[in-house]
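# Structural overview
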Amino acid sequence: MKNGKATRPGTIPNDLFNAARDIIVPYLGPIHRAIYNLEIYPNDWSLRKLGKPDYRPIILSNGHGRLANSCAAGDIIKCAEILGLLPALQFGAWPGHNTMDSIHLLIDCIKALWRKGYVVTALFMDMKGAFPSVDLDMLCHELRMSPELMGNGGEDQGDPFLVVGYILYVAGLLRLIDKLANCEGFGFMDDVVVISWEKRVKDIHEQLGFMIMRHGGVMEWMKEHNCMFGIDKFKVVDLTRKKMGLRDEEGRPGIKVGDGVLV
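Everything in this summary refers to the structure shown in the same document.

About the criteria used
Residues numbered from 1 in each chain as written. Predicted model: local features only at pLDDT ≥ 70, side-chain atom pairs only at ≥ 80, totals over all residues. Heavy atoms only, no water. Helix = DSSP H or I, 4+ residues; strand = E, 2+ residues; numbered from the N terminus. Buried < 20%, exposed > 50% of the residue type's maximum accessible area, 1.4 Å probe, protein only. Contact = heavy atoms within 4.5 Å. Pairing = 2+ DSSP bridges. Salt bridge = Lys/Arg side-chain N within 4 Å of Asp/Glu carboxyl O. Phe/Tyr/Trp six-rings, centres within 6.5 Å; stacked < 30°, edge-to-face > 60°. Lys NZ or Arg CZ within 6 Å of the ring centre and 35° of its normal. Expected span 1.5 Å × (residues − 1). Bend = angle between axes of the 7 residues up to and from the residue. Patch = residues over 30% accessible without salt bridge, like charges linked within 9 Å, V, L, I, M, F, W, Y side chains within 5 Å. Areas by Shrake-Rupley, 256 points an atom, 1.4 Å probe, with all protein chains shown as cover. Core = buried A, V, L, I, M, F, W, Y, C linked by side-chain atoms within 4.5 Å. Polar contact = N/O pair within 3.5 Å; in protein donor to acceptor, adjacent residues only side chain to side chain.

## A closer look at the overall build of the chain
- Along its length, the chain carries eight helices and 11 strands.
- Across the 263 residues of the chain, 42% fall into the buried class.
- Pairs at least 24 residues apart make up 68% of the contacts formed inside the chain by residues separated by at least 6 positions.

Put into structure tokens, the structure is as follows:
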């Protein structure tokens with residue numbers, strides 16, 4: 001845990017945990033093990049404060065709770081990586097998968113497709129209220145966890161487990177995208193970039209619209225997981241090596257999303 005990060009007032013700060021780790025670990029270890037063995041999460045380890053009306057309550061962490069979640073998150077991310085539960089193109093809160101890694105890989109993929117003679121379209125999608133919209137019952141089901149460990153709704157603001165849990169929660173979305181031919185999904189927390197490639201832009205846009213609206217597609221996944229994309233924030237970028245851009249006669253229709261919405 002980083003020094004200088006705020007925790008619930010009156011609780012032990014990160015700085016003290018880091019400075020005295022050799023002294024307190026033998027005492028805190030049995031307590032943390034008991035949390036998961038007995039499936040008891042102390043209510044006093046969380047403090048709620050109300051957010052926007054359409055958001056779930058946000059929680060400012062107790063120092064003990066943040067430390068326990070940090071340890072659990074580290075174990076979960078290692079196990080998830082070993083078991084192949086994390087999509088290779090999901091970035092954020094995962095060693096070796098930071099922001100710069102995602103940018104370099106995205107650029108490399110686009111240039112590789114250009115060299116093969118393809119036109120590439122990138123669809124940028126932003127999820128509204130990502131963390132507050134997480135369905136805790138669905139997350140418990142997908143992680144096979146006891147609901148008691150998730151509390152009574154809401155998630156700990158700033159806790160590492162929140163980020164790891166969210167990555168695992170949306171992993172299915174990237175797998176859904178990757179099942180389609182000539183499509184690849186890149187995720188960075190609540191932002192998703194889909195690149196698709198064909199010889200004509202018109203064909204790419206039709207394919208992206210099919211990906212979103214088809215049975216078992218993106219829109220259906222959103223409903224099942226209590227998520228909503230900010231369609232008004234969708235951005236479509238057609239990428240080509242042609243210096244003069246794409247010719248109008250190739251056809252550049254918008255992508256149909258929902259009830260006649262074009263992006």
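## So, the pairing of strand S6 (residues 183-188)
- In terms of strand pairing, strand S3 (residues 90-91) meets S6 through two bridges, oriented parallel. Bridge pairing in S6 places Phe91 opposite Phe188.
- With six bridges joining them, S6 and strand S7 (residues 191-198) adopt antiparallel strand pairing. Within S7, the residue paired with Glu184 across the bridge is Ile195.
- Here S6 folds back onto S7, and the loop between the two strands holds two residues, one of which, Met189, carries a positive phi near 55°.

## Remarks on the pattern of salt bridges
- Per the stated rule, a full pass over the model turns up one salt bridge.
- Across the salt bridge formed by Asp203 and Arg200, the nearest N and O atoms sit 3.0 Å from each other.
- When its relative accessible area of 39% is taken as the criterion, Arg200 is described as partly exposed.

## Here's the deal with the packing of aromatic side chains
- The full count for this structure, using the stated rule, is zero aromatic pairs.
- When the ring centre of Tyr118 is taken as reference, the NZ or CZ atom of Lys199 above it lies at 4.6 Å.

## Structural notes on helix H2 (residues 21-37)
- The end-to-end C-alpha separation of H2 is 23 Å, in line with the 24 Å expected for 17 residues at 1.5 Å each.
- The largest bend in H2 is about 40°, located at Tyr27, with the proline Pro30 one to four residues further on.
- Along H2, the positions that sit buried rather than exposed are Leu28, His32 and Ile35.
- Where H2 is buried, its residues meet helix H1 (14-19) and helix H3 (63-82).
- In the segment just after H2, Glu39 is the residue with positive phi, at about 55°.

## Overview of unusual backbone geometry
- The backbone phi angle of Asn182 is positive, close to 60°, even though this residue is not glycine.
- Within the secondary structure layout, Asn182 lies in the loop between helix H6 (160-178) and S6.

## Observations concerning a nonpolar patch on the surface
- A grouping of Ile82, Leu83 and Leu85 is seen on the molecular surface, where their side chains present a nonpolar patch of about 350 Å² in accessible area.
- Along the chain, the position of Leu83 falls in the loop between H3 and S3.

## Side note on the nonpolar core
- Of all hydrophobic cores here, the largest spans 39 residues; its most connected members are Ile177 and Met211.
- For this core, the secondary-structure elements that each account for two or more residues are H3, strand S4 (119-128), helix H5 (136-143), H6, S7, helix H7 (201-213) and helix H8 (218-224).
- A per-element tally of this core places H6 first, with 10 residues.
- With residues up to four places along the chain from it excluded, the contact list for Met211 reads Leu123, Ile177, Leu180, Val194, Gly217 and Val218.
- Counting residues in hydrophobic clusters, the runner-up holds 12 residues, among them Phe91, Leu113, Val120 and Ile195.

## Describing the environment of Gly74
- Inspection of the secondary structure puts Gly74 in helix H3.
- Gly74 sits in the partly exposed class, given a relative accessible area of 26%.
- When the C-alpha positions of Gly74 and Val164 are compared, they lie 8.8 Å apart, and in sequence the two are 90 residues distant.

## Considering the pairing of S7
- Burial analysis of S7 places six of its eight residues in the buried class, which makes it a mostly covered element.
- The sheet contact formed by S4 and S7 spans eight bridges and is antiparallel. Following the sheet pairing, Leu123 is matched in S7 by Val194.

## Quick word on the side chain of Thr121
- By secondary structure assignment, the location of Thr121 is in strand S4.
- At a separation of 2.7 Å, a polar atom in the side chain of Thr121 contacts the side chain of Asp238.
- Ignoring any residue separated from it by four or fewer positions in sequence, one finds Thr121 in contact with Val194, Ile195, Ser196, Val201, Ile204, His205, Leu208, Val236, Val237 and Asp238.

These results come straight from atomic positions and should not be treated as a statement about function.
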